[in-house]
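Overview (structure and organization)
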Amino acid sequence: MTSPRSSGGSPPAPSAPARWSAASPLGRAARLGAVASLLGLWTACGLPLCPFAIVTRHPCPGCGLTRATFALAHGHVAEALRLHPLSPVVAPLVIAALVYNAATYVKDGRVAAAESLQGAWVTRLGLALAAAMVFVWIARFFGAFGGPVPV
């Protein structure tokens with residue numbers, strides 16, 4: 001018995017990706033929606049998202065940002081600043097990166113697409129924000145900016 005390739009026939013045509021598989025944009029959008037729904041439900045139940053806070057029971061440099069982002073979304077700027085003083089700067093950048101990653105994942109199937117954004121200014125901005133977050137984190141342990149945010 002011979003295969004189609006060995007008998008000189010053309011190879012079988014590649015099949016189209018299944019509608020709900022990770023190979024199709026609809027499948028990737030469904031997967032992304034499922035993950036977003038689970039995270040939304042987790043957050044709505046008041047459960048912490050931060051692995052550092054879950055394990056150590058101490059706030060991490062970004063603790064309070066999720067709650068501060070929700071406060072900003074509702075127009076409560078003072079509350080957002082109380083939860084994390086850098087939230088008006090960090091929250092829009094994180095949201096933009098998440099939206100960019102989600103759109104690129106659904107469209108092209110690439111994960112962590114924002115990592116492809118390179119350049120000296122991106123690196124400098126990232127390092128400056130990281131340093132500012134660590135500075136605020138340490139200062140809050142000494143009572144600055146309202147003290148540590150509750151975990």
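Residues numbered from 1 in each chain as written. Predicted model: local features only at pLDDT ≥ 70, side-chain atom pairs only at ≥ 80, totals over all residues. Heavy atoms only, no water.

Considering the overall build of the chain
- Summing up its helical and strand segments, the chain has six helices and zero strands in all.
- Listing the helices and strands of the chain from first to last along the sequence gives α-α-α-α-α-α.
- Scored against the burial criterion, the 151 residues of the chain give a buried share of 20%.
- Put simply, 40% of the contacts in the chain that link residues at least 6 apart link residues at least 24 apart.
- For the chain, the exposed surface amounts to about 10300 Å²; the carbon and sulfur share of it is 71%. (Helix = DSSP H or I, 4+ residues; strand = E, 2+ residues; numbered from the N terminus. Buried < 20%, exposed > 50% of the residue type's maximum accessible area, 1.4 Å probe, protein only. Contact = heavy atoms within 4.5 Å. Areas by Shrake-Rupley, 256 points an atom, 1.4 Å probe, with all protein chains shown as cover.)

Focus on the packing of helix 1 (residues 25-44) against helix 5 (residues 87-108)
- Two numbers describe how helix 1 lies on helix 5: the axes approach to 7 Å, and their chain directions differ by 145 degrees. On helix 5, the residues touching Pro25, Arg28, Ala29, Arg31 and Leu32 of helix 1 are Ala102, Tyr105, Val106, Lys107 and Asp108.
- Here the contact of helix 1 with helix 5 is composed, by residue class, of six nonpolar, no polar and four charged. (Axes fitted to C-alpha atoms, helices over the stretch in contact; angles between N-to-C directions. Nonpolar A, V, L, I, M, F, W, Y, C, P; charged D, E, K, R; others polar.)

Quick notes on empty space enclosed by the protein
- The full count for this structure, using the stated rule, is one cavity of 30 Å³ or more.
- Within this model, the largest cavity holds a volume of roughly 60 Å³.
- Residue lining of the largest cavity: Pro59, Cys60, Pro61, Cys63, His84, Val136, Trp137, Arg140, Pro148 and Val149, and that is the complete set.
- Grouping the constituent residues of the lining of the largest cavity by class yields eight nonpolar, one polar and one charged. (1 Å grid on protein atoms, 1.4 Å probe; cavity = no way out; pocket = protein on both sides within 12 Å on 5 of 7 lines; lining within 4 Å. Points joined across faces, edges and corners; volume = space filled by probe spheres on them.)

Digging into the layout of surface pockets
- Roughly 610 Å³ of internal volume is contained in the largest pocket.
- Of all elements in the fold, only helix 1, helix 3 (65-73) and helix 5 reach the threshold of two or more residues within the lining of the largest pocket.
- Broken down by element, the lining of the largest pocket gets its largest block of residues, seven residues, from helix 5.
- Class assignment of the residues belonging to the lining of the largest pocket gives a composition of 13 nonpolar, five polar and no charged.

Observations concerning helix 6 (residues 120-141)
- Its 22 residues give helix 6 an end-to-end C-alpha distance of 32 Å, which sits within 8% of 32 Å, the value for a rise of 1.5 Å per residue.
- When helix 6 is considered as a whole, its buried residues turn out to be Leu129, Met133, Val136, Ala139 and Arg140. Down the axis of helix 6, the buried set is contained in an arc of 130 degrees. They therefore lie on one face. Structural note: helix 6 exposes Arg124, Leu127 and Phe135 on the side pointing more than 90 degrees away from its buried face.
- Phi turns positive one or two residues past the end of helix 6, at Gly143, with a value near 95 degrees. (Expected span 1.5 Å × (residues − 1). Arc of directions from axis to C-beta.)

Some thoughts on the confidence of the model for the chain
- The predicted model of the chain averages 84 in pLDDT, with 85% of residues at 70 or higher.
- Mean pLDDT per element in the chain: helix 2 (residues 51-56) is the minimum at 86, and helix 4 (residues 77-83) is the maximum at 95. (pLDDT = per-residue confidence, 0-100.)

So, the environment of Ala102
- Structurally, Ala102 can be placed in helix 5.
- Sequence-wise, Ala102 and Leu32 are 70 residues apart; in three dimensions their C-alpha atoms are separated by 7.4 Å.

Things to note about the environment of Thr69
- Tracing the backbone through its elements, the reader meets Thr69 in helix 3.
- Residues in contact with Thr69, not counting those within four places in the same chain, are Ala91 and Ile95.

Comments concerning the nonpolar core
- Within the largest apolar cluster, nine residues are counted, these being Cys50, Ala53, Cys60, Cys63, Ala68, Ala71, Ala80, Leu83 and Val149.
- Those elements that provide at least two residues to this core are helix 3 and helix 4.
- Core analysis: the next-biggest nonpolar cluster, separate from the first, contains six residues, Leu86, Leu129, Met133 and Val136 among them. (Core = buried A, V, L, I, M, F, W, Y, C linked by side-chain atoms within 4.5 Å.)

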